[in-house]
Amino acid sequence: MLTPDLHSKCRPAAIPKTKLSEANYHLRNGDYITALSLYDEAIAENPYIEKFASANKEVAAARLKRKSSTVKLIPIGGVEAEQSDASAWISTSHDPHFELCISGKRDHEAGWYRVSLLIEAKNKKNIAKFYPDYGEGYSEASSITLPFLSNSLKSRLVHFPSKVRSIRFDPKEAEGAFKVFAFELKKINQENITEELFSAIAKSKEALSAAAQDALQKKLVDDAASAKKDYLELLKQEYEKLFQHTPGQVSYEEWIENVEAATLPSAEEARALYEQLARKPLISVVMPTYNTDAVFLRACIDSVMAQSYPNWELCIADDASPKPHVRQILEAYAAQDGRIKTVFRDKNGHISRASNSALTLATGDYVALLDHDDALPEHALLFVAQAINAQPDAQVIYSDEDKIKADGQRFDPHFKSDWNPDLFYSQNYVSHLGVYKRDLLEKIGGFRPGVEGSQDYDLLLRCLPHVKAPQIVHIPRVLYHWRTVEGSTALAAGEKSYTTDAGIKALTDYFAKANPAVRIQQGLVPNTYRARWPIPDPAPLVSLLIPTRDRRHLVEVAVRSILEKSTYTHYEILILDNSSVEPDTLAFFDQIQKEDQRVRVLRYDHPFNYSAINNFGVHQAKGEIIGLINNDIEVISPEWLTEMVSHAVRPEVGCVGAKLYYDNDTIQHAGVICSLGGVAGHSHKHFPRKHPGYFYRLTLAQTLSAVTAACLLVRKTVYEKVGGLDEEHLKVAFNDVDFCLKVRAAGYRNLWTPHAELYHYESISRGHEDTPEKQKRFQLEVETMKKRWGQHLNVDPYYSPNLTKAREDFSVRGAND
């Protein structure tokens, strides 16, 4: 409802200072686009005014829709006008586009502009694009992207480096009806552009406090200096990243609306599911509190009380909060519901001791961990109970999670791997929602003081000696909302530097018992770790097998980079010569064997069969460890072989893979994911070399289903145990995936490490499947894999079913994916 003064015809002498009053001012004066934008900003700054501000937003939006636009849309392709409504159009293709005529002109001077639009479309999430013509026509290279939600005003800044002759406007990328209610292109003051760009960047990174913004600004200034760029130019680049979009990618909002919602039970269905459970275990939700914001504390407790699974108890320990409202709220809730138990500590002991105090209240078979300002979705405990019924031996249960803003918006989902020990040694990816058998926690003595900041990580590490891998169960559903408030690790991984130190201590103490020779150090990013596994003494001999035919310029680079750069020296190189005839290549073979006695050339005069060539090489190899190496690799990191050997000698590990780059420094291989593209695909393919990957997975050693044989290490005993590569049915493609799956089926874990880096000039040596004969052979190999491995290709335990199978970028899956 509008405030009374909103209807006043008297204008104030100046625009009010608060965002809300400023928005009301622009609403009174007919600038509805500015008003809508300011209402959004006001709500983001102060969620308590959302109800009032939203009412005014609705008024502004309604008036904007009635207001005639100064923009004329001239249809030029894939779009038709609706005769009954001037704002209504029908897209007849996936590429509808207009030419814009704004206030009677098509051209615009160089400078900065703000473009705003309000469109109603069938799809909730849409992408609009603009193509300015600077005199050379419309081009993708100069296109401007603006993602928007249907019926929601969206704005962004754009920069025209020179005079624009005309602008093409593509309102969306789908067929169907839509309405363009508002479009504005407004030139803005150049003097404020740096501040506006930085403000948008800071907001996207949740840098809300003055200190966080100062730190971000310093980082950006330093980045500009190190890159020798103008600060404004760097801001422009960072700002553009906020609007990047990959065709085909599904937004998290779309996933929630179209994928998650379809799998959630109604209230009636949830009651029926509960009644059908053979076991209805009491789940004790354990929650320590300390000076929690009243709004978030109530929201947290309310989320437990709203659970569709009724057999729970909420055990809350307040860690001597000085703020009186905490006790008042907790006592009020405890009086309201007998399932809520509280204990008030006399002395502040920090989170581990407070959690232990809450644990003393727990009487359930299972304990679920909840932070005092987070929230559980309605069916979280119901799905946990279903998992317990499906796997009664479960000792530890964890789920996927996302983050939630103060206004309730969900974002940044973490769709996790099933139990992945090596990934867990690199990062506490398990985290939330964590559920444990209560007697397991009693066995280890609960939480351990001294590792605050990584207490949950330490808790699970101390549980591991008492559980078996099948007893650690992953529920691939978002059952936890991690609230982003300042000071939380949800907001920024680097906000609590002590958490990394605590994690190192927890891991070091774990390995002191599990394997004292393992050394722990900080990972490449905060809150990640690197476990350095020992090399036996004496170091094992590694036989590196390199099949090749001619192409000296390739194989010489591969061989010499190994000889000249590798710090691990106890190896032999077996060049498997598949009938080379070029004199230059043969001369190199003679020369390199004379230069280094570790190099042997073995002749293999048979038709090309990658599997058979390598099986032949293994029979000739003297080493304890076999290395399958392509002839088109080049070593980057000198310790590549040391790193890979340190994992290959671990008795529980089978195949070990490396991080490989194309020659343009993008990812060629970061492990293999089954089911991508039908059979298998490469993780994070084509990502930039320095990209951290999905939740930092490009920086972390981890268990994966398979790794490429372009650079693969495995113990010779394991190779022979599973029968080597399939030289009968998989002569060229998928032989490495098949081999890795056989190794996994034999009880070993395959591992990928980012700390062994090489270039892989893929396709240079063999070419593409570009002939009918090659295509037929490839199709037969696809059929072999599907027949042999079936469901193992459809479900990869180290890749979430909530992620797409259509691309190799770890984006969320769509409803039809």
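Since this is a predicted model, take the numbers as computed values, not measurements.

### Some points on the overall build of the protein chain
Summing up its helical and strand segments, the protein chain has 24 helices and 32 strands in all. For 817 residues, the compact-globule estimate of 2.2 N^0.38 gives 28 Å, and the protein chain sits close to it at 30 Å. Among the 817 residues that make up the protein chain, the fraction classed as buried is 54%. Sequence-distant contacts, at least 24 apart, represent 76% of the contacts inside the protein chain between residues at least 6 apart. Summing over all exposed atoms, the protein chain offers an accessible surface of approximately 35900 Å²; the carbon and sulfur share of this is 50%. If you average the places of the 98 positive and of the 108 negative side-chain charges in the protein chain, the two averages end up 1 Å apart.

### Observations concerning helix 20 (residues 640–648)
Counting buried positions along helix 20 yields 8 of 9 residues, so the element is predominantly enclosed. Looking at helix 20, one finds that the buried residues are Trp-640, Leu-641, Glu-643, Met-644, Val-645, Ser-646, His-647 and Ala-648.

### Things to note about the pairing of strand 5 (residues 111–121)
Among the 11 residues in strand 5, 9 count as buried, and that is most of the element. Bridge count for strand 5 against strand 8 (residues 154–160) is 7 bridges, and the pairing is antiparallel. The partner of Arg-114 across the bridge, within strand 8, is Leu-157. As judged from the 9 bridges shared by strand 5 and strand 10 (residues 176–187), these two strands associate in the antiparallel manner. Paired with Ala-121 across the strands is Phe-178, a residue of strand 10.

### A short note on the pattern of salt bridges
One pass over the full model with this rule turns up 40 salt bridges. The closest approach of N and O atoms between Arg-339 and Asp-337, which form a salt bridge, is 2.9 Å. Judged by relative accessible area, which is 12%, Asp-337 ranks as buried.

### A few points about the nonpolar core
Judged by nonpolar contacts, the single largest core of 61 residues is most densely connected at Phe-415, Leu-628, Cys-655, Leu-712, Val-714, Phe-739 and Met-785. When near neighbours in sequence (up to four residues on either side) are disregarded, Val-714 contacts Ile-625, Ile-626, Gly-654, Cys-655, Tyr-719 and Phe-739.

### Observations concerning the side chain of Gln-702
Along the chain, Gln-702 falls in strand 30 (residues 702–703). Of note is the side chain of Gln-702, whose polar atom sits 2.8 Å from the backbone oxygen of Arg-697. Beyond its immediate chain neighbours, meaning those up to four positions away, Gln-702 contacts Asn-420, Asp-422, Leu-423, Arg-697, Asn-750, Leu-751 and Trp-752.

### What to know about the sheet that holds strand 5
The strand order 2-3-10-5-8 describes an open sheet built from 5 strands, whose pairing is antiparallel. Since the sheet does not close on itself, it has two edges, and those belong to strand 2 (79–81) and strand 8, each with one partner. On average, adjacent strands in this sheet sit at an angle of 35° to one another, irrespective of strand direction.

### A short note on the packing of helix 17 (residues 552–565) against helix 18 (residues 583–595)
Following both chains from N to C, one finds helix 17 and helix 18 inclined at 15°, their axes separated by 10 Å at the closest point. When the interaxial angle is binned, helix 17 and helix 18 end up roughly parallel. Like other packed secondary-structure pairs, helix 17 and helix 18 cross with a definite hand, here left-handed. Taken together, the residues of helix 18 that come into contact with helix 17 (itself represented by Arg-552, Val-555, Glu-556, Val-559, Arg-560 and Leu-563) are Asp-584, Thr-585, Phe-588, Phe-589, Gln-591, Ile-592 and Glu-595. Class assignment of the residues belonging to the contact of helix 17 with helix 18 gives a composition of 6 nonpolar, 2 polar and 5 charged.

### Structural notes on the side chain of Thr-703
Looking at the element boundaries, Thr-703 is found in strand 30. A polar side-chain atom of Thr-703 sits 3.0 Å from a polar atom in the side chain of Asp-422. Sequence-distant contacts of Thr-703, that is, excluding residues within four places in its chain, are made with Asn-420, Pro-421, Asp-422, Leu-423, Arg-749, Asn-750, Leu-751 and Tyr-798.

### As for the environment of Glu-378
Mapped onto the elements of the fold, Glu-378 is located in the loop between strand 14 (366–369) and helix 12 (380–390). Accessibility expressed as a relative area gives 43% for Glu-378, which makes it partly exposed. Remark: the alpha-carbon pair of Glu-378 and Tyr-480, spanning 102 residues in sequence, is separated by 9.9 Å. When sequence neighbours within four positions are dropped, the list of residues in contact with Glu-378 reads Ala-306, Gln-307 and Ser-308.

### Points about the packing of aromatic side chains
Under the defined criterion, the tally for this structure stands at 31 aromatic pairs. Here Tyr-113 and Phe-160 contribute two aromatic rings whose centre-to-centre distance is 5.0 Å and whose plane-to-plane angle is 40°, an arrangement assigned as tilted. Here Tyr-113 is found in strand 5, whereas its partner Phe-160 is found in strand 8, with 47 residues between them in sequence. For the pair formed by Tyr-113 and Phe-160, the shared burial category is buried. Three or more aromatic residues joined by ring pairs make a cluster, and in this case those are Trp-89, Phe-98, Phe-130, Phe-169, Phe-178 and Phe-183. The ring of Tyr-131 carries the charged tip of Arg-168 above its face, separated from the ring centre by 5.0 Å. Directly above the ring of Tyr-274 sits Lys-280, whose terminal nitrogen or CZ lies 5.3 Å from the centroid.

### Here's the deal with the confidence of the model for the protein chain
This prediction gives the protein chain a mean pLDDT of 88; 91% of its residues lie at or above 70. The model gives residues 487–496 a pLDDT under 50, and that stretch makes 21 contacts with residues more than four places away or in other chains.

### Let's talk about unusual backbone geometry
In this model, His-432 is joined to Leu-433 through a cis peptide bond whose omega is -15°. As for its placement among the helices and strands, Leu-433 is situated in the loop between helix 13 (421–426) and strand 17 (434–437). The step from Asp-537 to Pro-538 runs through a cis peptide bond, and the omega angle for that step is 5°. Structurally, Pro-538 is set in the loop between strand 20 (529–532) and strand 21 (542–548).

Quick notes on the rules
Residues numbered from 1 in each chain as written. Predicted model: local features only at pLDDT ≥ 70, side-chain atom pairs only at ≥ 80, totals over all residues. Heavy atoms only, no water. Helix = DSSP H or I, 4+ residues; strand = E, 2+ residues; numbered from the N terminus. Rg over C-alpha atoms; globule rule 2.2 N^0.38 Å. Buried < 20%, exposed > 50% of the residue type's maximum accessible area, 1.4 Å probe, protein only. Contact = heavy atoms within 4.5 Å. Areas by Shrake-Rupley, 256 points an atom, 1.4 Å probe, with all protein chains shown as cover. Lys, Arg positive; Asp, Glu negative; His and termini not counted. Charge placed at Lys NZ, Arg CZ, Asp CG, Glu CD. Pairing = 2+ DSSP bridges. Salt bridge = Lys/Arg side-chain N within 4 Å of Asp/Glu carboxyl O. Core = buried A, V, L, I, M, F, W, Y, C linked by side-chain atoms within 4.5 Å. Polar contact = N/O pair within 3.5 Å; in protein donor to acceptor, adjacent residues only side chain to side chain. Axes fitted to C-alpha atoms, helices over the stretch in contact; angles between N-to-C directions. Parallel < 35°, antiparallel > 145°, perpendicular 65-115°, else oblique. Left-handed = near helix turned anticlockwise from the far one by under 90°. Nonpolar A, V, L, I, M, F, W, Y, C, P; charged D, E, K, R; others polar. Phe/Tyr/Trp six-rings, centres within 6.5 Å; stacked < 30°, edge-to-face > 60°. Lys NZ or Arg CZ within 6 Å of the ring centre and 35° of its normal. pLDDT = per-residue confidence, 0-100.

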